[in-house]
Amino acid sequence: MSSAAITDTVSPAGVNWHSDEMKARRKARYAADRRLQIYGIIAITFALGFLAILVGSLSFTGYKAFTQTVATVEIVLSTAKVDPANIGEADWRGIVRGALRGLVPDMKRSEERKFFEMFTSSAPFLVRDAVVADPSKLTGKSSFAIPMADPVDQLAKAGISRDVPENQRRINDKQIGIYDQLVANGVISTPFNWGLFFNADSRFPELAGLAGAISGSFWSLLVCFLISFPIGIAAAIYLEEFAPKNRITDLIEVNINNLAAVPSVVFGLLGLAVFLGWMGLPRSAPLVGGLVLALMTLPTLIIVTRVSLKSVPSSIREAALGVGASKHEMIFHHILPLAMPTVMTGAIISLARALGETAPLLLIGMNAFITSPPEGVFAASTALPTQIYIWADSPERGFVSRTSAAILVLLAFLVLMNGIAIFLRQRFERRW
């Protein structure tokens, strides 16, 4: 066939596919496809760029909180006249201050007050607790790492400039000179701040930690899971497999879909009115927090479970019923096990969303100042989001870096939970 014949080829509908007009149309369609790809790449680039800016700014601000400036002090407790049978009654304030004076022997008496302010005011209690935990320290000389007060910690981390006039900073020139002397003597160090994870909240930034908030979030999520998981699965199974299709079930389905989009603060108001006001449950308790979060995650979990049940082929239902299985045997022995990977993925993602919620927990009082981790679901507690709120609202400069560090810890938990959900989906999900 000649090239002219090919050029003049027409479709049965009378369209000449090789005409200049059709070539221009194809070229425009291909250009539109390329533009769509470019738009997608630009959108992803912007999203990743903003994410990088967010994580970068948090890391730049929060990395300082992962180290803590401490002074290593040698204390001879064998000469301190501490009664091993009654360690807590010893004069720990005098013992610690005597050891601190030995760090700067030529210090004047009038300068001692400012000198002691350079160390955390809880130093006597920290030394006492260390001795109670290990009574063998009462014999001979022992080393204790005493955190420096927040202004000195800020100075060590370049948070306070030496060039600023003395009356405009929280540490004077004499204290800076003593700090430099301690650094030259090898007394000062900046180890990893394990207290950020193992200490409870404190009014002093150098001692504040996330132990109470992490424990409170754990207990709240545990209550949330134990309530929302079985109830959500049971409700989804009934609506999908047993409920008759009528106006009542249609109304229930519409309301479940609407509840999934209700702002979380509404559930907090419900918890405040019902669980605290009417039922009289303890305020600030993880039990109430878990109940509120369970109400919030139930609609999402029901929707995800129903979708996963629908995704199982009807042939499996028919085969199970065909071999004599009852309806509940068909559901619990065949349908639900096949749908469970997707259900678990939805449950973990719902819990990850609940972990980051702040508004409902604030309304039920989980933003109280708690200085010890909760021992159970009835004890007063905070949670990671509310702890971040408390620190962000604090006027102390040292809480700025701790706020960013707490956000990074919360993001790490969220990434971990979402990673587990992705792993379960890829590992166990079946494609039909």
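These numbers come from a predicted model, not from an experiment.

Draft legend 1. Quick peek at a nonpolar patch on the surface. Judged by side-chain polarity, I38, Y39, I42, F46, F50 and I53 come together as a nonpolar surface patch covering roughly 670 Å² of accessible area. For Y39, the location among the structural elements is in helix α2 (residues 20-62). Assessed through its relative accessible area of 52%, Y39 is described here as exposed.

Draft legend 2. Here's a closer look at the domain arrangement of the chain. One can read the domain layout of the chain as domain 1 (6-64), domain 2 (68-191) and domain 3 (211-428). Domain 2 and domain 3 are separated by 46 Å when their C-alpha centres are compared. The interface is formed by six residues belonging to domain 2 together with four residues belonging to domain 3. Carbon and sulfur atoms supply 24% of the area buried between domain 2 and domain 3, which totals about 380 Å² over both sides. When the buried surface of domain 2 facing domain 3 is broken down by residue, D150, Q154 and R170 rank first, second and third, together holding 60% of it. On the surface where domain 2 and domain 3 come into contact, there are one salt bridge.

Draft legend 3. Layout of unusual backbone geometry. The phi angle at A158 is positive, at roughly 60°, despite the residue not being glycine. Tracing the sequence through the fold places A158 in the loop between α6 (150-156) and α7 (173-184). Even without being glycine, S284 reaches a positive phi, approximately 70°. Tracing the chain through its elements places S284 in the loop between α11 (264-278) and α12 (286-311). Assessed through its relative accessible area of 7%, S284 is described here as buried.

Draft legend 4. Representation of the UniProt feature "transmembrane region" (unreviewed entry) in the chain within the structure. Within this numbering scheme, the UniProt entry marks residues 36-60, 218-239, 259-281, 287-309, 330-352 and 405-424 as carrying the feature "transmembrane region" (unreviewed entry). Secondary structure over residues 287-309 splits into 100% helix and 0% strand, and the C-alpha atoms at its two ends are 31 Å apart. Secondary structure within residues 405-424 divides into 100% helix and 0% strand; the distance between the first and last C-alpha atoms comes to 29 Å.

Draft legend 5. Local environment of the packing of helix α9 (residues 211-242) against helix α14 (residues 327-355). At a closest axis distance of 9 Å, the pairing of α9 and α14 adopts a crossing angle of 140°. Judged by the angle between their axes, α9 and α14 are oblique. For the element pair α9 and α14, the recorded crossing hand is right-handed. In this structure, α9 uses S217, L221, C224, F225, F229, I233, I237, E241 and F242 to contact α14, whose residues at the interface are K327, I331, F332, L336, M340, V343, M344, A347, L351, A354 and L355. Taken together, the residues of the contact of α9 with α14 sort by class into 17 nonpolar, one polar and two charged.

Draft legend 6. Quick look at the pairing of strand β1 (residues 70-76). Where β1 lies against strand β2 (residues 141-147), seven bridges are found, and the strand directions are antiparallel. Note that in β2 the partner of V70 across the bridge is P147. When β1 meets strand β3 (residues 188-189), the two strands line up antiparallel, connected through two bridges. Counterpart to A71 in the pairing with β3 is I188.

Cut-offs applied
Residues numbered from 1 in each chain as written. Predicted model: local features only at pLDDT ≥ 70, side-chain atom pairs only at ≥ 80, totals over all residues. Heavy atoms only, no water. Patch = residues over 30% accessible without salt bridge, like charges linked within 9 Å, V, L, I, M, F, W, Y side chains within 5 Å. Areas by Shrake-Rupley, 256 points an atom, 1.4 Å probe, with all protein chains shown as cover. Salt bridge = Lys/Arg side-chain N within 4 Å of Asp/Glu carboxyl O. Helix = DSSP H or I, 4+ residues; strand = E, 2+ residues; numbered from the N terminus. Buried < 20%, exposed > 50% of the residue type's maximum accessible area, 1.4 Å probe, protein only. Domains from an automatic or database assignment. Contact = heavy atoms within 4.5 Å. Buried area = accessible area lost by both parts, 1.4 Å probe. UniProt positions renumbered as here; feature names shortened; annotations may be inferred. Axes fitted to C-alpha atoms, helices over the stretch in contact; angles between N-to-C directions. Parallel < 35°, antiparallel > 145°, perpendicular 65-115°, else oblique. Left-handed = near helix turned anticlockwise from the far one by under 90°. Nonpolar A, V, L, I, M, F, W, Y, C, P; charged D, E, K, R; others polar. Pairing = 2+ DSSP bridges.

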